[in-house]
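Coordinate inspection notes
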Amino acid sequence: MAGIYLHIPYCRSKCHYCDFYATSNMASIEELVSAERSELIARKQYIGNEVVETIYFGGGTPSVLSAIQVKDLLAVIYTNFNVASDCEITLEANPEDLAEPYLTDLHLAGINRMSIGIQSFNNDMLSYLGRGHDNSKLVNKIKAAKKAGIENISIDLIYGIPGLSLDKYLESLNEAMQLGIQHISAYSLIIEKNTFFYKLYKTNRLVEAKDDDVVAQFNATIDTLSNNGFSHYEVSSFALEGFQSRHNSSYWEGKKYLGVGPSAHSFDGSSRQWNVSSIKTYMLNMKSDKDYFEVEILSEVDRYNEYLLVGLRTAKGISKKYISEQFNSKINGYFLKELSKLNSDDFISVADDRVTLTRKGIFVSDLIIRTLFFN
Ligand code: SF4
């Protein structure tokens, strides 16, 4: 069982908080789609004959693609890979792109799940984040997607935004509940370098949200969503029963995946591969049959760190037995020593063989996971 990821590195404009590499120059889209079609064919052996259970159009903003381009890419996948009949096929979308005929065409092309970059239902917050939509449009677009037949909807929400009160944030969570959203990815705002917000921050024109406010919004996310039947199945991911992202879960379960397009990563169980990030170089090298990727064979330490990185983010956590069986005694000894400290500080919970993050640990998950890394 495996997945395919297609990276679409275009955005109509840059959001104030985002440090992803994406261009607003759409002139090369058709050429890029053609290069990705070629890459899919060239690398059809990468995941062997495994059944493709998930396909994910991510970005950037994949909804800049026409429905015909989406259909063409899917046709190449269906022709060259063994695709499951119930394959989860997700497209990340910007609400502004979601006109009704486009949604219907996407559904007809095969898209059965949509991840919509909502971020907030509050108009002041949307404007502050540099998003080009307002609440009324968002609500209409979500309803239109469902009407077009794409009923499995995920949205992103951001908390910890300067000026965002707990009440306003709760309004966004409740609005999502009323709209019948089945999956929510909720993130705390991080001021990343190379963003508009970072420039404001460095020139004292942005003051980060207070820690207490961020903690209150983090707790409100978990409590509100669990009261509404959502399981908190990964650090930032919440889903109703049967609506967990199968694609993202496959990353966390260490399944194989083929990543296509500039800067896309792939994993075949023993090595990682990542494509060049420049759109121009990727397309040129694809055309002239030159290398467009680098490969890294994972060492034992890499595999251990990887196991922690993906496993501890999930509600299933990691297995002490697996670590003792798969990794050498030095790594296992280090793991058990650090685990005991984190357990007594209530960042980690240990129940029989399973090790998971506590709520306190989830809030600082990156730090906790890094503490367990073996260098
Ligand atoms: S947040 Fe999404 S839409 Fe906004 S710039 Fe980043 S990738 Fe593009």
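What you see is a predicted model; the values in this text were computed from it and never measured. (Residues numbered from 1 in each chain as written. Predicted model: local features only at pLDDT ≥ 70, side-chain atom pairs only at ≥ 80, totals over all residues.)

1. Focus on the site of the ligand
Near the ligand, the surroundings consist of C11, K14, C15, C18, F20, A22, G59, G60, T61, N94 and G117. Along the lines of polarity and charge, the residues of the shell around the ligand split into five nonpolar, five polar and one charged. (Near = placed C-beta within 6 Å. Nonpolar A, V, L, I, M, F, W, Y, C, P; charged D, E, K, R; others polar.)

2. A short note on the domain arrangement of the chain
Here the chain is partitioned into domain 1 (2-251) and domain 2 (317-375). One C-alpha centre belongs to domain 1, the other to domain 2, and the line joining them spans 30 Å. Tallying the contact residues gives four residues for domain 1 and four residues for domain 2. When the residues that make up the side of domain 1 that touches domain 2 are grouped by side-chain class, the tally is four nonpolar, no polar and no charged. (Domains from an automatic or database assignment. Contact = placed C-beta atoms within 7 Å.)

3. Thoughts on the pairing of strand β5 (residues 152-159)
When you tally the buried positions in β5, you get seven out of eight residues, the bulk of the element. In the sheet, strand β4 (residues 113-119) pairs with β5 via five bridges, with the strands oriented parallel. Paired with R113 across the bridge in β5 is N152. Here six bridges tie β5 to strand β6 (residues 183-188), and the two strands are oriented parallel to one another. When the sheet's bridge partners are listed, I158 is paired in β6 with Y187. You can see the chain leave β5, run along helix α6 (residues 166-178) and come back into β6, and the turn it takes is right-handed. (Buried ≥ 20, exposed ≤ 12 C-beta atoms within 10 Å, placed from the backbone. Helix = DSSP H or I, 4+ residues; strand = E, 2+ residues; numbered from the N terminus. Pairing = 2+ DSSP bridges. Right-handed = clockwise from strand over helix to strand, strands pointing away.)

4. Examining unusual backbone geometry
The peptide bond linking G59 to G60 adopts the cis configuration, its omega dihedral lying at 25 degrees. Positionally, G60 belongs in the loop between β2 (52-59) and α2 (67-80). One non-glycine residue, N194, lies in the positive phi region at around 60 degrees. For N194, the position within the fold is in the loop between β6 and α7 (196-202). N194 sits in the exposed class, given 10 other C-beta atoms within 10 Å. For S263, which is not glycine, the phi dihedral falls at a positive 65 degrees. Mapped onto the elements of the fold, S263 is located in the loop between β9 (256-260) and β10 (265-267). Classification of S263 as partly exposed rests on a count of 18 C-beta atoms within 10 Å.

5. Some remarks on the packing of helix α1 (residues 29-42) against helix α10 (residues 279-287)
Packing of α1 against α10 brings their axes to within 10 Å, and their N-to-C directions diverge by 50 degrees. By the angle between their directions, the pair α1 and α10 is classed as oblique. Crossing of α1 against α10: the hand is left-handed. Along its contact with α1, which presents E31, L32, A35, S38 and E39, the element α10 presents I279, Y282, M283 and M286. A per-class count over the contact of α1 with α10 returns six nonpolar, one polar and two charged. (Axes fitted to C-alpha atoms, helices over the stretch in contact; angles between N-to-C directions. Parallel < 35°, antiparallel > 145°, perpendicular 65-115°, else oblique. Left-handed = near helix turned anticlockwise from the far one by under 90°.)

6. Regarding the sheet that holds strand β13 (residues 318-319)
Spatially, the three strands line up as an open sheet ordered β13-β15-β14, and their pairing is antiparallel. Sheet topology places β13 and β14 (348-351) at the edges, where each strand pairs with a single neighbour. The pairing of β14 with strand β15 (residues 354-357) spans four bridges and is classified as antiparallel. From the neighbouring strand, I348 faces β15, where its bridge partner is L357.

7. Concerning the nonpolar core
If you look at the biggest cluster of nonpolar residues, it comprises 77 residues, and the most contacted ones within it are I4, V70 and I184. Excluding residues within four positions of it along the chain, V70 makes contact with F57, L65, L91, L106, A109 and I111. L308, I318, F335 and I348 belong to the second-largest nonpolar core, a separate cluster that totals 14 residues. (Core = buried A, V, L, I, M, F, W, Y, C linked by C-beta atoms within 7 Å.)

8. Quick word on helix α8 (residues 211-227)
With 17 residues, α8 ought to run about 24 Å at 1.5 Å a step, and its terminal C-alpha atoms sit 24 Å apart, in line with that. Two residues or fewer past α8, G229 is found with a positive phi of approximately 90 degrees. (Expected span 1.5 Å × (residues − 1).)

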